[in-house]
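# Chain and residue survey
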Amino acid sequence: YMTAAKPRLHYAWLILIGCCFMQAGGLGAVLDAAGVFFVPVCDDLGFTRSELSLYLTFYFIATVFAMPLVGKWITKYNVNRVLSVSFALVVAAVAAMGFYTQPWQWWISGVVFGLAGSFIFVVPAPILIGNWFHAHKGLALGVAMSFSGIGGAALGPVFTLLIQAFGWREAYFIAAGIMALLVLPWTLFVFKLRPEDVGAKPYGWTDEDERREQQRERAGGGAASPGVPLGKALKTVPFVCMFLFAGLIAYFAGFNSHLPGYAQSIGFSALVGSSLLTAVMVGNVVEKLLVGWLNDRVGVQFTVNIQLAMVACGFVGFMFSGDNLVLLYASAFLFGAQNSLVSVSTPLLIRQLFGERDFPAIFTYARIGTGVIGCLGPVTVAGIFDVTGSFVPAFGLGIAITALGFLSVRLAYRLRGKLAWAEGATPSEARENIRRRER
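Residues numbered from 1 in each chain as written. Predicted model: local features only at pLDDT ≥ 70, side-chain atom pairs only at ≥ 80, totals over all residues. Heavy atoms only, no water.

## Some remarks on the nonpolar core
- In this structure, Ile74, Trp106, Phe113, Phe121, Phe159 and Phe354 are the most contacted members of the largest nonpolar core, which totals 131 residues.
- Discounting chain neighbours no more than four positions away, the residues touching Phe354 are Gly227, Val228, Ala233, Thr236, Pro238, Phe239, Met242, Ile362, Leu419 and Trp421. (Core = buried A, V, L, I, M, F, W, Y, C linked by side-chain atoms within 4.5 Å. Buried < 20%, exposed > 50% of the residue type's maximum accessible area, 1.4 Å probe, protein only. Contact = heavy atoms within 4.5 Å.)

## With respect to the side chain of Gln301
- Its place among the elements puts Gln301 in helix α15 (residues 300-320).
- Of the residues examined, Gln301 reaches a relative accessible area of 18% and is grouped as buried.
- Those residues in contact with Gln301 that sit more than four places away from it in its chain are Val409, Arg410 and Tyr413. (Helix = DSSP H or I, 4+ residues; strand = E, 2+ residues; numbered from the N terminus.)

## Regarding the pattern of salt bridges
- In this structure the tally under the stated criterion is two salt bridges.
- Residue Lys137 pairs with Glu356 through a salt bridge whose shortest N-O separation is 2.9 Å. Of this pair, Lys137 sits in helix α7 (residues 137-166) while Glu356 is found in the loop between α17 (337-354) and α18 (359-366), placing the two residues 219 residues apart along the sequence.
- Looking at Lys137, the relative accessible area reads 22%, which means it is partly exposed.
- You can call Glu356 partly exposed: its relative accessible area is 30%.
- One salt bridge in this structure joins Arg351 and Glu356, with 3.0 Å as the shortest N-O distance.
- Bridged by salt links that share partners, the residues Lys137, Arg351 and Glu356 form one connected network. (Salt bridge = Lys/Arg side-chain N within 4 Å of Asp/Glu carboxyl O.)

## A short note on helix α20 (residues 376-388)
- Between its first and last C-alpha, α20 extends 18 Å over 13 residues, near the 18 Å set by a 1.5 Å rise per residue.
- Those residues of α20 lying buried are Gly377, Pro378, Val381, Ala382 and Phe385. Looking straight down α20, one finds its buried side chains confined to an arc of 120°; they lie on one side.
- Remark: Gly389 follows α20 within two positions and exhibits a positive phi of approximately 75°. (Expected span 1.5 Å × (residues − 1). Arc of directions from axis to C-beta.)

## Topic: the environment of Ile127
- Assignment of secondary structure puts Ile127 in helix α6 (residues 124-132).
- The exposure class of Ile127 is buried, given its relative accessible area of 1%.
- Taking the C-alpha atoms as reference, Ile127 lies 9.5 Å from Phe363; in sequence the two are 236 residues apart.
- Excluding residues that lie within four positions of it along the chain, Ile127 makes contacts with Ile74, Leu193, Phe359 and Pro360.

## Concerning the packing of helix α3 (residues 49-76) against α18
- Between α3 and α18, the least distance of the axes is 7 Å, while the angle of their chain directions is 155°. Classified by the angle their axes make, α3 and α18 are roughly antiparallel. Regarding α3 and α18, the two cross each other, and that crossing is right-handed. Across from Met67, Pro68, Val70, Gly71 and Thr75 in α3, the residues of α18 making contact are Pro360, Thr364 and Tyr365.
- Residue composition of the contact of α3 with α18, by class: five nonpolar, three polar and no charged. (Axes fitted to C-alpha atoms, helices over the stretch in contact; angles between N-to-C directions. Parallel < 35°, antiparallel > 145°, perpendicular 65-115°, else oblique. Left-handed = near helix turned anticlockwise from the far one by under 90°. Nonpolar A, V, L, I, M, F, W, Y, C, P; charged D, E, K, R; others polar.)

## Quick look at the state of the cysteines
- One pass over the structure, following the stated rule, counts zero disulfides.
- Between Cys19, a free cysteine, and Cys20, which holds the nearest cysteine sulfur, the sulfur-to-sulfur gap is 7.2 Å.
- A relative accessible area of 0% means that Cys19 is categorised as buried. (Disulfide = S-S within 2.5 Å.)

What follows is the structure in structure tokens.
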């Protein structure tokens, strides 16, 4: 007798797992866990924190020049080559830090992180997840992006122990090797840009979706998906709002790298400082999973409001924690929501406002705001501390930034009805797209 064949694992799950490793070894290791090196490097070489942290500012500035190319190159050229070469450059820039003796040398690595890392840290996962998941996109993206937090939470203490055991120079070399092992096997051998590249359909694709696709092709819709064309999108107020929003929430990254130093400035040990960063990463993981689920259930805009409120509460907690370690960790946990704003909610906001048609390009152009505004975060937070001897004024500034973020999203949604969508769909689908945008 014949037995029913077991269904094969959908390739989308391999894409998701690969994105998880890419986030852990990329964004999590290179940026989220970077703060544990600040104090030992500055103590050893006599730099101020603002001098060293300026490399993160150069990272953000460099993204301004890279972003217009990222969405175009990832979709135009072989995705395995683009991502692998980019990450190899990132790994080399991390390893090179082990040889540095002057602040300007870290700034060069920061430029490499901005130029090459832009092809790895935030943009590829939303594009890959969006292409491979027809159902549960929000949850899948939340899971993938949560691994930047898992990577940061796990690797921050590991890097601290490596620094204590071998010194910060050797720790940079080992960290670079760990990153390469986590990411390069996936970028080299597993990732495929679209399901069509392996003769598959996205996860969750149904017979009804297939019927609509065939109907669209017969109606002359071609391959174009519904959404706002790039040329029109860039001239709209909602795009300006998303550009501003992407920059404002990127500013929060300037606090991430200084939290270990903040803990030490109020009397705690270096180990407590690194564990504070771990608390941020744990919050990052939990909140990304929650945000991915909430986006699918209650909508993107409402979820973003919750995230901004959590970040603001985290800043308030930092301001008044004093020597209360429990409040300090709770504040760090809440502050972790800022990571999910960058990597989960921003691409979902842009998808909902502008559609699928030119999403990769619109998303990467909006991400230029990350470099223009976000570049101010690391150096201004460090500068405020160097001038005042306290991080409290910087935390107050952070609260104001959350309010501006709320206003920019609200304005974008108030004006979304004026966006000129090119439907590329059948009449029934066009009506459904309009209803979906209005929700």
